[in-house]
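A look at the structure
Here are the chains, one letter per residue:
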Amino acid sequence: MTLLHSQVIGQGPPLVVLHGLLGMSDNWKTHAKAWAAHFKVHLLDLRNHGRSFHSDTFSYPDMVADLEHYVSHHNLQPFVLLGHSMGGKLAMWYATTYPQRLQKLIVADMAPRAYPVHHQTILTGLMDLHQNHPSSRQEADNRLATYVPDAPTRQFLLKNLMRIAPDRLALRPNVPVLQQRIEQVMEALPTENSYQGPALFVRGENSDYVQPQDHPQIYAQFPQAQICTLARAGHWLHAENPVDFAATIQEFIGF
């Protein structure tokens, strides 16, 4: 079984960080540098993302198996697990599958429920770049703007570009498979799954990913959960309000 690519920073007890859909480990390096004074931080690239392997299969059970292989390989237990968005849903799946492995669970702006598919336009734009490689970042930005008008979202997505020739760029994610399997990414955590350990759910004040009506399900499946709202932040809460996000995490995991 192929091991996930990771960036490992710092020394101390293990803290594993899982990025969201179309993200990668690089997105978390700023926070990791601060946490590295207290933890050995493992920033993972999930399958079909970043520098990790590509696969035709892409589901939460697949990703749970990938994560368990990584954890076993590095003998990380017990560890703190933090996941954002899709990574947050994966963190919930892992915590409810291997609860004995975890010390604490942190879920950033994600609930256990199913979500409607809402990334079609973004994935269509990325497929255009996948099928017709741009020659420059400016060309990629101009073409993607047709599909994604929001500049910060485009900049986040274009971090996935890599140079494969002097005049040619390509995307790291396995865009065709992500487009084919997007409905599986939006699936709910099975309602029979639960995790009895300490859990923190952090939502962005300006995000609609975690609503008050989600709280009963969170508490049902994560009885020790704390749910807190981060001011002045949307779905990318760790980037939009990094100071308060870091303080919230620090208070929960205690350093």
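Refer to the structure printed above.
Every value quoted in this text rests on a predicted model; they were computed, and no experiment measured them.

1. Description of the side chain of His19
Structurally, the position occupied by His19 is in the loop between strand 2 (14-18) and helix 1 (29-35). For His19, a relative accessible area of 1% corresponds to the buried category. For His19, the side chain forms a polar contact with the main-chain oxygen of Gly23, separated by 3.5 Å. Non-local contacts of His19, meaning those with residues more than four positions away in its chain, are made with Met24, Ser25, Trp28, Leu44, Asp45, Leu46, His49, His84, Met86 and Gly87.

2. Side note on helix 11 (residues 242-253)
Here helix 11 spans 16 Å end to end across 12 residues, near enough to the 16 Å set by a 1.5 Å rise per residue. The set of residues buried in helix 11 consists of Phe245, Thr248, Ile249, Phe252 and Ile253. Viewed along the axis of helix 11, the buried residues span an arc of 115°, placing them on a single side of the element. Residues of helix 11 that are exposed and point more than 90 degrees away from the buried face comprise Val243 and Glu251. Against helix 1, strand 4 (79-84), strand 5 (102-108), strand 8 (199-204), strand 9 (225-230) and helix 10 (237-240) lie the buried residues of helix 11.

3. Considering the pattern of salt bridges
Using the criterion set out here, one finds eight salt bridges in the structure. Across the pair Arg101 and Glu68 runs a salt bridge whose closest N-O atoms are separated by 2.3 Å. Taken together, the residues Arg101 in the loop between helix 3 (86-97) and strand 5 and Glu68 in helix 2 (residues 60-74) connect sequence positions 33 residues apart. Residues Arg101 and Glu68 agree in their burial class; the two are buried. The closest approach of N and O atoms between Asp244 and Arg232, which form a salt bridge, is 2.9 Å. Here Arg232 lies in the loop between strand 9 and helix 10 and Asp244 lies in helix 11, a separation of 12 residues in the sequence. On the basis of relative accessible area, Asp244 is assigned to the partly exposed category, the value being 27%. On the basis of relative accessibility, which here comes to 56%, the residue Arg232 falls in the exposed class. Through salt bridges with shared partners, a single network forms among Asp128, Glu139 and Arg143.

4. Let's talk about the environment of His42
For His42, the location among the structural elements is in strand 3 (residues 40-44). Between the alpha carbons of His42 and Ser25 there is a distance of 8.8 Å; along the sequence they are 17 residues apart. Not counting residues up to four positions away in its chain, the partners in contact with His42 are Gln7, Val8, Pro14, Leu15, Val16, Val17, Tyr70, His74 and Leu76. Within the structure, the side chain of His42 is placed 2.7 Å from the side chain of Tyr70, a separation counted as a polar contact.

5. Regarding unusual backbone geometry
Here Gln77 and Pro78 are connected by a cis peptide whose omega angle stands at -10°. For Pro78, the location among the structural elements is in the loop between helix 2 and strand 4. Although it is not a glycine, Leu22 sits at a positive phi angle of roughly 65°. Within the secondary structure, Leu22 sits in the loop between strand 2 and helix 1. With a phi angle near 65°, Asn48 is a residue other than glycine that sits in the positive phi range.

6. Some remarks on the pairing of strand 5
With respect to burial, strand 5 is a largely interior element, six of its seven residues being buried. Note that strand 4 and strand 5 share six bridges and pair parallel. When the sheet's bridge partners are listed, Leu81 is paired in strand 5 with Leu105. The handedness of the strand 4 to strand 5 crossover, carried by helix 3, is right-handed. Bridge count between strand 5 and strand 8: four bridges; the pairing is parallel. In the sheet register, Ile106 faces strand 8, and the bridge partner there is Leu200.

Conventions and cut-offs
Residues numbered from 1 in each chain as written. Predicted model: local features only at pLDDT ≥ 70, side-chain atom pairs only at ≥ 80, totals over all residues. Heavy atoms only, no water. Helix = DSSP H or I, 4+ residues; strand = E, 2+ residues; numbered from the N terminus. Buried < 20%, exposed > 50% of the residue type's maximum accessible area, 1.4 Å probe, protein only. Polar contact = N/O pair within 3.5 Å; in protein donor to acceptor, adjacent residues only side chain to side chain. Contact = heavy atoms within 4.5 Å. Expected span 1.5 Å × (residues − 1). Arc of directions from axis to C-beta. Salt bridge = Lys/Arg side-chain N within 4 Å of Asp/Glu carboxyl O. Pairing = 2+ DSSP bridges. Right-handed = clockwise from strand over helix to strand, strands pointing away.

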